[in-house]
Amino acid sequence: MVQVWDVHESSDPLRPRVEEACALKESGNDAFSRTQYAEAMNHYQDALMRLPPRVQDDQDRPENSVTVDEHMFKDDIVDLRVKLHANLAACHLKLEQYQDAIKTTSEALEEDPQNVKALHRRATAHEQLGGWGHLSSALKDYQRLDELAKEGRTPTSYRRDLDAALIRLPPLVDLAAQKEKDEMVDKLKTMGNKVLGYFGLSTDNFQFQQQEGGGYSVNFVQ
């Protein structure tokens with residue numbers, strides 16, 4: 001359990017709430033180790049409820065309130081909140097709730113952009129969802145992990161998976177991009193044929209030829 005106070009800080013009103021959050025986190029970890037992922041999620045969510053929320057701007061700040069940024073426990077509370085979001089993401093991955101995993105890891109990365117576990121779990125969720133957008137996002141997260149690895153910030157245990165992902169993902173991104181491009185062209189052709197059909201024509205009556213210097217010319221074919 002993370003200690004976030006000293007003896008002379010014992011009168012701080014946040015101390016009981018942080019203690020409860022730490023205890024709930026440990027309960028969540030225990031439930032996760034027993035593969036009770038839904039139970040673990042409940043503990044992690046309850047723990048987050050005990051902590052002050054992240055205030056993004058002055059409009060979100062209640063009148064006369066003290067934000068965590070002004071609190072003596074700021075760094076410890078932020079660290080605990082990041083870990084709880086990352087742990088929630090681990091549960092979502094186990095339950096194949098990939099969109100939720102992306103949301104919770106992004107919450108963690110808002111406060112700690114270099115959090116290795118959150119980056120890896122978000123990359124995993126994006127790759128599982130597939131499609132050009134998600135695969136591109138997964139590759140970006142893995143590339144960021146590679147940068148952190150070169151700075152000595154990534155555990156060596158990640159190296160094999162990271163190297164495999166950096167080889168595996170680029171062709172998958174290109175393949176997904178081509179597939180989505182082909183699907184869009186097919187949809188446009190279907191729409192075009194529907195309109196041109198009223199005039200006894202189809203998209204087959206038009207040929208597109210790329211010109212030197214860019215652009216296309218359109219030729220009508222009987």
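Residues numbered from 1 in each chain as written. Predicted model: local features only at pLDDT ≥ 70, side-chain atom pairs only at ≥ 80, totals over all residues. Heavy atoms only, no water.

1. A short note on the packing of aromatic side chains
- All chains considered together, the criterion is met by one aromatic pair.
- Measuring from centroid to centroid gives 5.1 Å for Phe 32 and Tyr 37, while their planes differ by 65 degrees, and the two rings are edge-to-face.
- The class for Tyr 37 is buried, based on a relative accessible area of 16%. (Phe/Tyr/Trp six-rings, centres within 6.5 Å; stacked < 30°, edge-to-face > 60°. Buried < 20%, exposed > 50% of the residue type's maximum accessible area, 1.4 Å probe, protein only.)

2. Some remarks on the UniProt feature "repeat: TPR" (unreviewed entry) in the protein
- If you check UniProt for "repeat: TPR" (unreviewed entry), the listed places come out as residues 82-115 in our numbering.
- Secondary structure across residues 82-115 divides into 79% helix and 0% strand, with the first and last C-alpha atoms of the span separated by 8 Å. (UniProt positions renumbered as here; feature names shortened; annotations may be inferred. Helix = DSSP H or I, 4+ residues; strand = E, 2+ residues; numbered from the N terminus.)

3. Quick look at helix α3 (residues 74-94)
- Look at α3: 31 Å from first C-alpha to last across 21 residues, which is about the 30 Å you get at 1.5 Å a residue.
- Counting buried positions along α3 yields 15 of 21 residues, so the element is predominantly enclosed.
- Once α3 finishes, Glu 96 follows within two positions and takes phi at roughly 60 degrees, a positive value. (Expected span 1.5 Å × (residues − 1).)

4. Overview of helix α1 (residues 15-33)
- For α1, with 19 residues, the first-to-last C-alpha span of 27 Å sits near the 27 Å given by 1.5 Å per residue.
- Where α1 is concerned, the buried positions are Val 18, Ala 21, Cys 22, Leu 24, Lys 25, Gly 28 and Ala 31.
- The secondary structure elements touched by the buried residues of α1 are α2 (37-50) and α3.
- Taken from the residues just after α1, Thr 35 is the one with a positive phi, measuring 65 degrees. (Contact = heavy atoms within 4.5 Å.)

5. Here we look at the pattern of salt bridges
- Within the structure shown, the criterion is met by 14 salt bridges.
- For Lys 83, the salt bridge goes to Asp 79, with nearest N and O atoms at 3.2 Å. Taken together, the residues Lys 83 and Asp 79, both in helix α3 and four residues apart, mark about one turn of the helix.
- Of the residues examined, Lys 83 reaches a relative accessible area of 32% and is grouped as partly exposed.
- For Arg 168, the salt bridge identified is with Glu 127, shortest N-O distance 2.7 Å. Of this pair, Arg 168 sits in helix α7 (residues 159-196) while Glu 127 sits in helix α5 (residues 116-129), placing them 41 residues apart in sequence.
- Relative accessible area serves as the criterion here: at 31%, Arg 168 is assigned to the partly exposed category.
- The class for Glu 127 is buried, based on a relative accessible area of 19%.
- The network of salt bridges with common partners includes Asp 146, Lys 150, Arg 159 and Asp 163. (Salt bridge = Lys/Arg side-chain N within 4 Å of Asp/Glu carboxyl O.)

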